[in-house]
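# Structural description and commentary
Read off the chains here:
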Amino acid sequence: ITLKDPIPSDPFLKEYQYFFSSMKNDFSEILITVKNGNIGSKKINPDNFDRIHRIYFREDFKNHRFTAIKEDAFTPEDILMVQNWIRYIGIFYNVKYFRLFPLHSASFKINGKNVIISGSVCTGKTVNSIKTLLNGFTLFTDEDNLLDFSGRKLKFIPIPRLLQLRSDTVSSKAVNKFKKSLLYTERVDVFNEKINFLPIPGASKSMLKPKTADHFFFLNLNDTYPGIKITPLEKPEIIFNIFSNLINHYYLKKVKPFYRHSFNALYHIKRLPHSHEITFGAKAGEKIFDIIQEEI
């Protein structure tokens, strides 16, 4: 991965390098370049142009060459967009060539148990990830995990991402506790709000290493629900349906065969993690972390 000046580096560059260099096969020669330059107007695929951030993404999967170009200076928000792009390129290759299953999810360790929580956008993955750190537990990632169905137990591989600390109470506590580790000394403008970026403490020791999943929680936010309901998930097909609805289809549209493989492999796992669906109303969201601890 090459960052051309004046693109600033970030604490996860080493993790991304390891993400790609760990692919010991013919497809390990992947070149990703991020630079300032002239985008031009010829042969531009509008689907690859981010009009809001004015970034053009050239993607050549056949030759394993990828370039992100922006004519003016990269802002912190632009860097975040490029990080997401790099992450999904890595996920694409891991899915296609290693048949790993990408899940939009957070993962952490509580009381010696590895936990995966998943759900749609704004269901509490990041908030509960921050609470994991505030309570002295180990956070792996708040956004993406790769699931491995090939063995007798379900395993997952956390994918690097900078933790975004917004203006809510929980994030403010994390800012105060990890003030010395923040990527920027001041909050920066991202998606029309001020955000701090926190490299996850101990990330280099925990990222990208397979771990056995002990517990899985699916967060189901229902604004009209009056409280909290916990439902055990025991049938593999129910768990798989949840998994398949929480992947990034855009980057995986060229990897159709892996769905059938993953579904069949799920049935061969001898021990699925203890799995529960947590249905909750908006007012009950702050209790989720305590409920997860109690179930563990």
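Anyway, here's the lowdown on the structure attached to this text. All values reported here derive from a predicted model rather than from experimental measurement. (Residues numbered from 1 in each chain as written. Predicted model: local features only at pLDDT ≥ 70, side-chain atom pairs only at ≥ 80, totals over all residues. Heavy atoms only, no water.)

### Notes on the overall build of the protein chain
A count of helical and extended segments in the protein chain gives 8 helices and 17 strands. Looking at the 296 residues of the protein chain, the share that counts as buried comes to 51%. Split by element, the accessible area of the protein chain, about 14,900 Å² in all, is 49% carbon and sulfur. (Helix = DSSP H or I, 4+ residues; strand = E, 2+ residues; numbered from the N terminus. Buried < 20%, exposed > 50% of the residue type's maximum accessible area, 1.4 Å probe, protein only. Areas by Shrake-Rupley, 256 points an atom, 1.4 Å probe, with all protein chains shown as cover.)

### Regarding the environment of Asp60
Counting through the fold element by element, Asp60 comes out in strand 4 (residues 55-60). For Asp60, a relative accessible area of 29% gives the class partly exposed. At 3.3 Å, the side chain of Asp60 and the backbone nitrogen of Lys62 are in polar contact. (Polar contact = N/O pair within 3.5 Å; in protein donor to acceptor, adjacent residues only side chain to side chain.)

### Notes on helix 2 (residues 76-98)
With 23 residues, helix 2 ought to run about 33 Å at 1.5 Å a step, and its terminal C-alpha atoms sit 32 Å apart, in line with that. The buried fraction of helix 2 amounts to 19 of the 23 residues, a majority that puts the element mostly inside the structure. Backbone geometry just after helix 2 places Arg99 at a positive phi near 55°. (Expected span 1.5 Å × (residues − 1).)

### Some remarks on the packing of aromatic side chains
In total, this model carries 14 aromatic pairs according to the counting rule given. With 5.6 Å between their ring centres and 50° between their planes, Phe101 and Phe149 make a pair best called tilted. Taken together, the residues span a long stretch of sequence, with Phe101 in strand 6 (residues 101-110) and Phe149 in the loop between strand 9 (144-148) and strand 10 (155-158) at a distance of 48 residues. For the residue pair Phe101 and Phe149, the accessibility class agrees, reading buried in each case. When the centroid spacing of 5.1 Å and the interplanar angle of 75° are considered together, the rings of Phe216 and Phe243 count as edge-to-face. Residue Phe216 is found in strand 15 (residues 215-221), and its partner Phe243 is found in helix 6 (residues 236-244); the two are separated by 27 residues along the sequence. (Phe/Tyr/Trp six-rings, centres within 6.5 Å; stacked < 30°, edge-to-face > 60°.)

### Quick notes on the environment of Leu182
Looking at the element boundaries, Leu182 is found in the loop between helix 4 (169-177) and strand 12 (188-190). In this structure, the C-alpha to C-alpha distance between Leu182 and Phe197, residues 15 residues apart in sequence, is 5.8 Å. With residues up to four places along the chain from it excluded, the contact list for Leu182 reads Leu165, Val175, Asn196, Phe197 and Leu198. (Contact = heavy atoms within 4.5 Å.)

### So, the sheet that holds strand 12
Paired through backbone hydrogen bonds, the strands of a sheet run either parallel or antiparallel to each other. Strand order in the open sheet formed by 3 strands is 11-13-12, and the pairing between neighbours is antiparallel. Here the strands that pair on one side only, and so sit at the sheet edges, are strand 11 (163-165) and strand 12. Direction aside, the axes of adjacent strands within the sheet are offset by 55° on average. Across 3 bridges, the pairing between strand 11 and strand 13 (residues 193-198) is antiparallel. Looking at strand 13, one finds that Gln164 is bridged to Phe197. Taken strand by strand, helix 3 (residues 125-134) contacts strand 11 and strand 13, and its axis lies near 95° from that of strand 11. (Pairing = 2+ DSSP bridges. Axes fitted to C-alpha atoms, helices over the stretch in contact; angles between N-to-C directions.)

### Let's talk about the pattern of salt bridges
For the structure shown, the criterion picks out 7 salt bridges. One salt bridge connects Arg87 with Asp144, and the closest N-O pair in it is separated by 2.9 Å. With a gap of 57 residues between them, Arg87 in helix 2 and Asp144 in strand 9 connect regions that are remote in the sequence. Both residues of the pair, Arg87 and Asp144, belong to the buried class. (Salt bridge = Lys/Arg side-chain N within 4 Å of Asp/Glu carboxyl O.)

### Some thoughts on the sheet that holds strand 3 (residues 49-50)
Read from one edge to the other, the open sheet built from 5 strands follows the order 1-2-5-4-3, with strand pairing classed as mixed. Of all the strands in the sheet, just strand 1 (2-3) and strand 3 have a single pairing partner and so form its edges. Across the face of the sheet, helix 2 comes into contact with strand 2 (31-36), strand 3, strand 4 and strand 5 (65-70) while running at roughly 170° to strand 5.

### Topic: a positive patch on the surface
Among the surface-exposed residues, Arg152, Lys153, Lys155 and Lys270 lie close enough to one another that they form a single positively charged patch. Note that Arg152 resides in the loop between strand 9 and strand 10. (Patch = residues over 30% accessible without salt bridge, like charges linked within 9 Å, V, L, I, M, F, W, Y side chains within 5 Å. Lys, Arg positive; Asp, Glu negative; His and termini not counted. Charge placed at Lys NZ, Arg CZ, Asp CG, Glu CD.)

### Quick word on the packing of helix 3 against helix 4
Packed helices, taken two at a time, are described by the angle between their axes plus the distance between the axes. One way to put it is that helix 3 packs onto helix 4 with a least axis distance of 10 Å and a crossing angle of 40°. Comparing the axis directions of helix 3 and helix 4 gives the class oblique. In this structure, helix 3 crosses over helix 4, and the sense of that crossing is left-handed. Across the interface between the two elements, Val127, Ile130, Lys131, Leu133 and Leu134 of helix 3 pack against Val170, Ser171, Lys173, Ala174 and Lys177 of helix 4. Within the contact of helix 3 with helix 4, the residues separate by chemical class into 6 nonpolar, 1 polar and 3 charged. (Parallel < 35°, antiparallel > 145°, perpendicular 65-115°, else oblique. Left-handed = near helix turned anticlockwise from the far one by under 90°. Nonpolar A, V, L, I, M, F, W, Y, C, P; charged D, E, K, R; others polar.)

### Digging into unusual backbone geometry
Of note in the backbone geometry, Arg54 takes a positive phi value of approximately 60° without being a glycine. With respect to the secondary-structure elements, Arg54 resides in the loop between strand 3 and strand 4. One non-glycine residue, Asn192, adopts positive backbone phi at about 65°. Within the secondary structure layout, Asn192 lies in the loop between strand 12 and strand 13.

By themselves these figures say nothing about function.
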